[in-house]
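# Chains, contacts and geometry: an overview
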Amino acid sequence: MNAMTTPTPPARPANTISAKPGPFTVETVLEVKHYTDRLFYFRITRPDAFRFRSGEFIMIGLPKEDGKPLLRAYSLASPFWDEALDFYSIKVADGPLTSRLQHIQPGDQLLLGKKPTGTLVLDALKPGKRLYMVSTGTGIAPFASLIRDPETYEKFDQVILTHTCRESAELTYGNELVEAVKSDELIGEFAREKLVHFTSTTRDDGPVKGRVTDMINSGELFDRLGAPPLDPAVDRVMICGSEGLLKDTKQICLERGFIEGSNAAPADFVVEKAFVAT
Ligand code: A2P
């Protein structure tokens with residue numbers, strides 16, 4: 001499933017990489033979509049042997065002029081069952097990797113790590129009734145994977161994805177994604193029943209304005225959702241976004257008696273920094 005993008009024809013000869021044995025494979029760009037001057041999506045080929053759990057991240061990169069790899073961590077935004085791999089990235093004009101990566105086109109090649117890892121996985125959470133996925137900016141990427149995993153809906157009665165960005169245009173990727181998920185053949189039925197998408201903007205006048213953390217603290221979020229306040233007995237929380245979001249949402253969870261989970265010791269909430277690839 002990937003209804004949200006249209007292939008862009010290559011305007012120049014593809015940039016290829018000569019394959020060398022090592023901790024990476026060389027993959028080919030299949031699609032690219034630019035959302036704003038700060039955000040873009042890309043899809044690449046997936047090696048047959050590449051396995052990951054929804055919510056994990058992987059190293060992505062390009063060779064430098066000296067041939068050595070320049071790599072950054074990226075959340076895998078596609079579901080584990082998909083035949084290709086999706087990523088959602090920021091563009092940093094003077095960033096060593098994204099200043100180049102933002103110009104990739106279908107047919108170009110890039111480097112993909114072989115070892116996915118991460119804490120935003122269902123295995124790191126105890127069973128619960130309601131799963132909150134709290135994100136800002138490109139922090140929505142791991143949740144783009146998790147909301148397409150049937151296990152998410154098997155484990156929880158309700159799945160609430162919150163996404164806060166500075167401006168409305170930055171919500172487009174998430175809006176298109178959720179729409180596509182709800183009409184998907186495989187998981188649409190679960191998503192239509194259980195997935196709630198809550199969005200807000202902080203710097204333009206969208207329908208809902210404000211930081212999600214403020215809305216949790218004031219209770220506005222729960223009023224808008226028609227849900228009870230956060231309760232560690234039944235709620236589970238996954239957090240991914242800016243440093244400030246992580247710190248403040250973690251604090252909110254701890255104050256309410258939630259315990260941080262990990263792969264080794266599943267508990268009530270998990271946190272991961274959105275990888276702001278430079
Ligand atoms: P704000 O505009 O009030 O700073 P960025 O694009 O810088 O990564 O930010 C993405 C979103 O995260 C913005 O809407 C931003 O709000 C919000 N944000 C930044 N810091 C926090 C925080 N400490 N708690 C909640 N949201 C935050």
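Calculation notes
Residues numbered from 1 in each chain as written. Predicted model: local features only at pLDDT ≥ 70, side-chain atom pairs only at ≥ 80, totals over all residues. Heavy atoms only, no water. Helix = DSSP H or I, 4+ residues; strand = E, 2+ residues; numbered from the N terminus. Expected span 1.5 Å × (residues − 1). Near = heavy atom within 4 Å. Polar contact = N/O pair within 3.5 Å; in protein donor to acceptor, adjacent residues only side chain to side chain. Areas by Shrake-Rupley, 256 points an atom, 1.4 Å probe, with all protein chains shown as cover. 1 Å grid on protein atoms, 1.4 Å probe; cavity = no way out; pocket = protein on both sides within 12 Å on 5 of 7 lines; lining within 4 Å. Sits in = over half its atoms within 2 Å of the grid points. Nonpolar A, V, L, I, M, F, W, Y, C, P; charged D, E, K, R; others polar. Buried < 20%, exposed > 50% of the residue type's maximum accessible area, 1.4 Å probe, protein only. Lys, Arg positive; Asp, Glu negative; His and termini not counted. Salt bridge = Lys/Arg side-chain N within 4 Å of Asp/Glu carboxyl O. Contact = heavy atoms within 4.5 Å. Core = buried A, V, L, I, M, F, W, Y, C linked by side-chain atoms within 4.5 Å. Pairing = 2+ DSSP bridges. Points joined across faces, edges and corners; volume = space filled by probe spheres on them. Axes fitted to C-alpha atoms, helices over the stretch in contact; angles between N-to-C directions. Arc of directions from axis to C-beta.

The next point concerns helix H8 (residues 243-255). Taking 1.5 Å as the rise per residue, H8 with 13 residues should run 18 Å; its terminal C-alpha atoms sit 18 Å apart, in good agreement. Downstream of H8 by one or two residues, Gly 257 has phi in the positive range, about 90 degrees.

Moving on, we get to the site of the ligand. For the ligand, the set of nearby residues contains 13 residues, the closest of which are Arg 166, Thr 202, Arg 203, Arg 211 and Asp 248. Take Arg 203: an N or O atom from its side chain is 2.7 Å from an oxygen atom of the ligand. In isolation the ligand offers 560 Å² of accessible surface; the protein chains occlude 81% of this area. Structurally, the ligand is housed in the largest pocket. Put simply, the parts of the chain that give the shell around the ligand at least two residues each are strand E8 (158-165) and H8. Looking at the shell around the ligand element by element, the count peaks at three residues for H8. Of the residues belonging to the shell around the ligand, the class tally is two nonpolar, six polar and five charged.

Let us now look at the side chain of Glu 27. Tracing the chain through its elements places Glu 27 in strand E1 (residues 24-34). Nearest to the buried, unbridged Glu 27 among oppositely charged side chains is Lys 114, at 9.0 Å. Polar contacts involving the side chain of Glu 27 include one to the side chain of Thr 25, which spans 2.7 Å. A polar atom in the side chain of Glu 27 sits 2.6 Å from the side chain of Thr 45. Among all residues touching Glu 27, those that are not within four sequence positions of it are Ile 44, Thr 45, Arg 46, Pro 47, Asp 108, Gln 109, Leu 110 and Leu 112.

The biggest cluster of nonpolar side chains holds 33 residues, and the ones touching the most others in it are Ile 147, Leu 195 and Met 238. Each residue touching Leu 195, except ones within four places of it in the same chain, is listed here: Ile 147, Tyr 153, Val 159, Leu 161, Val 178, Val 181, Lys 182 and Phe 190.

As a further point, take the pairing of E1. Where E1 lies against strand E6 (residues 109-113), five bridges are found, and the strand directions are antiparallel. Following the sheet pairing, Val 26 is matched in E6 by Leu 111. Between E1 and strand E2 (residues 39-45), which pair antiparallel and follow one another directly, the connecting turn spans four residues.

This brings us to empty space enclosed by the protein. In total, this model carries three cavities of 30 Å³ or more according to the counting rule given. Here the largest cavity is characterised by a volume of approximately 50 Å³. Lining the largest cavity are Tyr 74, Ser 75, Tyr 88, Thr 138, Ala 141, Ala 274 and Phe 275. Partitioned by chemical class, the residues of the lining of the largest cavity number five nonpolar, two polar and no charged. Taken as a whole, the second largest cavity spans an internal volume of roughly 40 Å³. Contributing to the lining of the second largest cavity are Tyr 132, Val 134, Ile 216, Leu 221, Phe 222, Leu 230, Val 237 and Thr 249. Within the residue set of the lining of the second largest cavity, elements represented by two or more residues are strand E7 (130-136) and helix H7 (220-225). For the lining of the second largest cavity, the per-class residue count stands at seven nonpolar, one polar and no charged.

Moving on, we get to the sheet that holds strand E3 (residues 57-63). Taken in spatial order, the six strands of this open sheet run E4-E3-E6-E1-E2-E5, and their pairing is antiparallel. The open sheet is flanked by strand E4 (69-75) and strand E5 (84-90), the only strands paired with a single partner. Strand-to-strand twist across the sheet, computed as the mean angle between neighbouring axes with direction ignored, equals 40 degrees. Pairing analysis gives two bridges linking E3 to E6, with the strands arranged antiparallel. Note that in E6 the partner of Ile 60 across the bridge is Leu 112.

On to helix H4 (residues 172-182). Every buried residue of H4 is listed here: Tyr 173, Gly 174, Leu 177, Val 178, Ala 180 and Val 181. Along the long axis of H4, the arc covered by the buried residues comes to 160 degrees, so they all point the same way.

Bringing the pattern of salt bridges into the picture now. All told, the structure shown has 16 salt bridges when counted by the stated rule. The residue Asp 86 makes a salt bridge to Arg 148 at a minimum N-O spacing of 3.5 Å. In this pair, Asp 86 sits in strand E5 while Arg 148 sits in the loop between helix H2 (141-146) and helix H3 (150-155), placing the two residues 62 residues apart along the sequence. Accessibility expressed as a relative area gives 0% for Asp 86, which makes it buried. Its relative accessible area of 0% is what places Arg 148 among the buried residues. We note a salt bridge from Glu 255 to Arg 256, for which the minimum N-O separation is 3.7 Å.

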